[in-house]
Structure formats: structure tokens, C-alpha cells
Amino acid sequence: MHRTPRFLREDDLSALISALPGTRCYQPIEKPTGTDYGTPSSSPPSLRGKRPTSPTKPFFLPSRERVAAFWGSRDLPEIEPFSLVGLRNCDLLSIRYLDHVFLGGVCEDPFYKAHRAAAFLVSVDCSPPQESCFCTAVGGVPYADGGYDLNLTPVAEGYLVVAGTGAGESVLLATAALLTEAKAELLAEGEELRARMVESLSTAARSTPDPQVVAERLGGSEAHASWEPWAGKCVECGACTAVCPTCHCYYIIDSNDAAPGSYTKIRTWDSCLLAEYARMAGMGAKLTPRPRLRSRLANRVLHKYVYSFAQYGMCGCLGCGRCDEACLGAIAIRDVVNAVGASR
Amino acid sequence: MTLRANPYEPIAARLADVVDETPTIRTFVFTPEEPIPFVSGQFVQLCLPGIGEAPFTPSSSPLEPNRLEITILRTGAVTEALHRLEPGAELGIRGPLGKGYPVEKLQGKDILVVGGGVGLAPLRALLYHVFHVRDQLGRIEIKYGSRSPDELLFRRQYDQWSALPGVRFSATVDVPHPQWTGRTGVVTVTSRTVWSSPAAPASCSSS
């Protein structure tokens, strides 16, 4: 594998992108509402701006997907190859997390697997971080150290490009004419950018203790009263779970959209904060395992900061800050973790 | 323990028979279009197109993957619809799902099975397994309780089970009842002292 970065001029970025595999290429585009993924026809992607508002999970776990039919074919989904440009390290880590969930258990999810296999991933080092970013507080860094096909490190006049897989290497071979040797000054510039981003994140991010310490402090606290004030602010909208790159709960409904009397099974996103989550049949007094919002909110935070370590050996919160931005009740998950942790 | 390549896809099954157990509980006999081999403790999703799906543990023997019995209390949208079905109806079954009981750990142990109400339904699959391998087990004690006598499940099988060598079965109802001459009391309380000599405990929880 060619692990020494090559240099790509800014003007040649579009040429590199057009050499990426797949029929579609999703790239971050700056819009009035924020940066988001799209398939621009001409404009170059926004790789030096803010990270996309949306997580990457819809590319692998669509918010609504047909997973079966009564009594349909046994064919598994065929997903056309596509490229995804502009992922940040937190996005790559979220894919690693979802791989544990959907591919690492007793059975593989064929739909997730198909989307995943079709994707070519191009990551980019963060510059600059957003106000809500705090990846360094949960053990992350604002640049990738794996999980990509290609990674781009922005420097003054272009990018340092490195391949992480054979597929990425093939693209670099096919675009060899665009690439030049990255001189020592450029490599140093890339390293300096990374160090500067870590530095600015560490000073900007409101401090959160080490996730392992948080896990120990919060463990077994679901019933603790210190969750109560946060439940008071939560309006149960589910925005945090929708934008969270690692939230993956789903619900399966029957739909007859296709034809009257002919039913398909549709998998849709679910949210553990909603009162109806995990509702069971019957007329008892306790129809869900967590009838109180306080314990649902606690469970979501504890899943990220405590249970994920036991399940997958990694923190379920990657510090992307999207839930902070989306929350209608102005709840910042860092503040919740700090406050509940301090009360224990 | 095998799943289809697409675990979301229901296996078509025909409702072969319906047996009334209690005023609110029926046993449904399904013949799936392909065998559904399961381990006791595993569950399936019963899928009623357009109504939804709900999880149930078969109450029939894991040795008979071509014919699944599922004993169901009428209590919600899916179960109401199930109780309206007539033999011949077609529906879907997804599974088996879950890990099942670690039945290999039962070898050489005394077995105590405690169940209440409709909770005996999923345990019956375990009982069939336990009866099948009873030569390799110690004593088998089954304690079952329900709120009232008319809510006792599988009544016509009790004598048959008790007649098996090494097997003891007893039923209790929670409170005295005019038609009940057996023991009364909540089964978790009446099960506290079963054997005078200590038995080697075998946890039946999945892990």
C-alpha cells in the first residue's frame, strides 16, 4: 500500500473526484441551511468548510427501506457502487461502530452489508472544527487514521492524498498524472494543520472527562435523580437520535404503498426517546420498559458512554456535536455527562 | 438455528389447526412452507400482512420443525387478528431469532421448571426437550401456577407428563376456588422448597 502521501493541486480536485468509482458521487455542498451531501454537477465540494450537518448513516441505513415482501422474491438488494467524499474521522468511526452492530453479531444484516460494500469512502482532515465539535474529549482526533479508501489532508495549495485500501490505491494509479511527490515542507504543513486542529478543539471544547472515567462514574445510574432536570428540557422530538451517526434503532412496518392488498416490510428509523419506543401489547400499567422520559434519556446517554464499551469496545459518542445542534431543548450531551457524572 | 439470507423475509405458513386452551388463550398450529429448526427458548415473529408482527416462542417440540405450535393470549392488535383466523389462513413467520436456552448445560443436573399463566407456553418447548433427553438428566420437577383453574394451560397433558419416569408435575392456583381441589398459592412461593436434598442449580437464563 502506498502510505506516503502524494500531492494533488486544488485545481485537480475535480479530476480526481471524477475518477472515483461508482455511478454517483456524494460530496459536501455549502447551502444556506448548512453543509450537506449532494451530487453537484460542476461546483467543487466544500472540503475546507464545516462538516456536513447530516451524519453518513443514511447512506448505509436509509431512514426508510424495503426489506421484504409478502411473498416476494428471495433476491437480496443490489446497490450500485457510489463514492462518498468529505467524511470526517468521526464519520469513519461511526461506520466502524455500525459495522459492529450490523455485521459483527450472530447474523449479518444483508441490506447494511450491501450498502457498505457499494461505498468508496474519501475522508478529509477537519479544518476548522465547529463550535459543537468535541471529538478530542471522547478520545478521538480530527483526522483519520484508517477506515477510508482515500484520505485528503488540506494544505495551502491543494491536498496530501493517501490510499488506505487497494481500491484507493487503484484510483491513485489511474490518476497518477495528477499527483506529484509531496515534499517535506508539505508533509510538515499537513502535520502542523493536524496539531493545530487538535489544539483548537481541546481549548474550544467544554471539557468532558475521559470516556472510560465517565463510564465508571455513570454506570448503573439510570434511576438516579440527577437525570431529572435534563428530562425537563427534553421535548421528546427525537432529533438527536435522527442526526446521531451511531444511533441505529429501527422499527419494521407493513406498507401497501406498492399495490392494494400487496404488502411489503419497511424498515424505518426509531428513537429510544419516544414514549412509544419498545411498546408492548396488552393493557397493563407498564407497556414499555421505560415509561418515564427521565429513564429513556438516561438510557440513551448510558448506551453511548457506558454500554457501547461493553458491546463494541468503543465509545458510542464520537463527539461530532450534531445532537447539540439539533436539540430543540438546548441540551448538550457533554453537559449532561458532566452534570450527572459530578453528582455521583 | 439457520436464518434465511434475508432475516426480514417471512416464511409463508398455513394455519392448520386452532385449539382453545382457556377463554383468552388459543394454541395455533402452523405448517411452514419450509422447516423452521429452533432451539427451545428461541422465538419467531408472526407476521400478519398489513397488521404487523409480534414475537412468540413456539410451545411445540423443537424436534418437529415442520409443524410449529404457538400458544397465544389475546391481548393486542396482532393477537386479536390471530384469534380471528380460521384454519387454512396464510401468514408469515420470521426466524428463529434469539439465542435459546443453553440446553447443553442441563446434562446430569436436576431440573426445576417454574412457570405461571401463559408463561407455560414457551416453557413447553423446553419441557419437550427435557423429556426427550431425560435419560441424561436428574430429577425433573415442574411447578406451574395460574390465577384461576380455568386459566391453566395444557390441562390434558399433565397426567401424561407426570407418568414419565423421573418427572413430577404440580399445578397451583393463586387463590382458593370452588372448582379447585389442588394446592393454592403463588407458584414462586410454593416453589421455594422443592427438594429436601440440595440440587445442583442450572440457570436457565440465556447468556
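Parameters and conventions
Note that residues are indexed from 1 along each chain, following the sequence as it is written. All chains are assigned letters beginning with A, and all ligands numbers beginning with 1, in the order in which they are written. A pLDDT threshold of at least 70 governs which residues receive local features in this predicted model, and a stricter bar of 80 or more applies before side-chain atom pairs are shown or counted, although totals over entire chains, interfaces and linings include all residues. Water and hydrogen atoms were dropped before computing side-chain values, which therefore reflect all heavy atoms in the structure. Boundary definitions for the domains trace back to an automatic or database domain assignment. Two residues form a contact once any of their heavy atoms are found within 4.5 Å. Accessible area that two parts lose when put together, with a 1.4 Å probe and added across both, is what the buried area reports. Salt bridges are defined as contacts in which a side-chain nitrogen from Lys or Arg sits within 4 Å of a carboxyl oxygen from Asp or Glu. Counting of polar contacts relies on pairs of N or O atoms within 3.5 Å, with two restrictions inside protein: one atom must be capable of donating a hydrogen and the other of accepting it, and residues adjacent in sequence are counted only when both atoms are side-chain atoms. Think of it this way: any DSSP run of H or I at least four residues long counts as a helix, any run of E at least two long counts as a strand, and we number them from the N terminus. When residues are grouped by polarity, Ala, Val, Leu, Ile, Met, Phe, Trp, Tyr, Cys and Pro land in nonpolar, Asp, Glu, Lys and Arg in charged, and all others, Gly among them, in polar. Following DSSP output, two strands are said to pair if at least two bridges run between them. To get an axis, a line is fitted to the C-alpha atoms, and for a helix only the part in contact is used. The angle between two axes follows their N-to-C directions and goes from 0 to 180 degrees. In this analysis the probe radius is 1.4 Å and the grid spacing 1 Å, with only protein atoms considered; a cavity is a set of points the probe fits into but cannot get out of, a pocket is an open set with protein on both sides within 12 Å along at least five of seven lines, and lining residues have an atom within 4 Å of a point. Grid points are joined across faces, edges and corners, and a volume is the space filled by probe spheres set on the points.

**Re the domain arrangement of chain A**
All names here are of chain A. According to the domain assignment, chain A consists of domain 1 (6-53 + 75-204) and domain 2 (211-249 + 272-342). Relative placement of domain 1 and domain 2: their C-alpha centres are 29 Å apart. Contact residues are listed per partner, giving 22 residues for domain 1 and 21 residues for domain 2. For the pair domain 1 and domain 2, the summed buried area comes to about 1,900 Å², and 63% of that belongs to carbon and sulfur atoms. Considering only the surface of domain 1 that becomes buried against domain 2, Tyr97, Phe134 and Val138 emerge as the three largest contributors, covering 38% of it. Put simply, domain 1 and domain 2 have two salt bridges between them. Salt-bridge contacts for Glu325 lead to Arg51; the nearest nitrogen and oxygen are separated by 2.9 Å. Where domain 1 touches domain 2, the interface holds 10 residue pairs in polar contact (both at pLDDT 80 or more).

**Observations regarding the interface of chain A and chain B**
With 21 residues of chain A at the contact, the number on the chain B side is 25 residues. For the chain A and chain B pair, buried surface summed over both sides reaches about 1,700 Å², with 64% attributable to carbon and sulfur atoms. One can count one salt bridge joining chain A with chain B. Among the ionic pairs, B:Glu53 bridges to A:Lys265, the shortest N-O distance being 2.8 Å. On inspection of chain A and its partner chain B, the count reaches seven residue pairs in polar contact (both at pLDDT 80 or more). The set of elements that each furnish at least two residues to the side of chain A that touches chain B consists of strand 4 (64-69), helix 3 (110-118), strand 10 (250-259) and strand 11 (262-269) of chain A. Across the side of chain A that touches chain B, the residue classes break down as 14 nonpolar, two polar and five charged.

**Digging into the sheet that holds strand 9 (residues 167-173) of chain B**
Residues and elements named next belong to chain B. Spatial ordering of the open sheet is given by 7-8-9-10, a layout of four strands whose pairing is parallel. Each end of this open sheet is capped by a strand with a single partner; those strands are strand 7 (111-116) and strand 10 (183-184). Bridge analysis of strand 7 against strand 8 (residues 140-146) gives six bridges, and the strand direction is parallel. Residue pairing across strands places Gly115 opposite Tyr144, the latter belonging to strand 8. Packed onto the sheet, helix 2 (residues 120-132) meets strand 7, strand 8 and strand 9 and runs at close to 160° relative to strand 7.

**A look at empty space enclosed by the protein**
Residues and elements named next belong to chain A. Taken as a whole and assessed by the stated rule, the structure comprises four cavities of 30 Å³ or more. Estimated volume of the largest cavity: approximately 210 Å³. Looking at the largest cavity, it is lined by 18 residues, and the ones nearest its centre are Cys240, Leu273, Arg300, Cys327 and Ile331. Elements with a minimum of two residues in the lining of the largest cavity: helix 8 (239-243), helix 9 (293-312) and helix 11 (333-342). The leading source of residues in the lining of the largest cavity is helix 9, at three residues. Here the residues of the lining of the largest cavity are counted per class, giving 15 nonpolar, two polar and one charged. A volume near 120 Å³ is recorded for the second largest cavity. Taken together, 16 residues form the lining of the second largest cavity, with Arg88, Cys90, Cys126, Cys133 and Cys135 sitting closest to its centre. Of the residues contributing to the lining of the second largest cavity, the split by class is 10 nonpolar, three polar and three charged.

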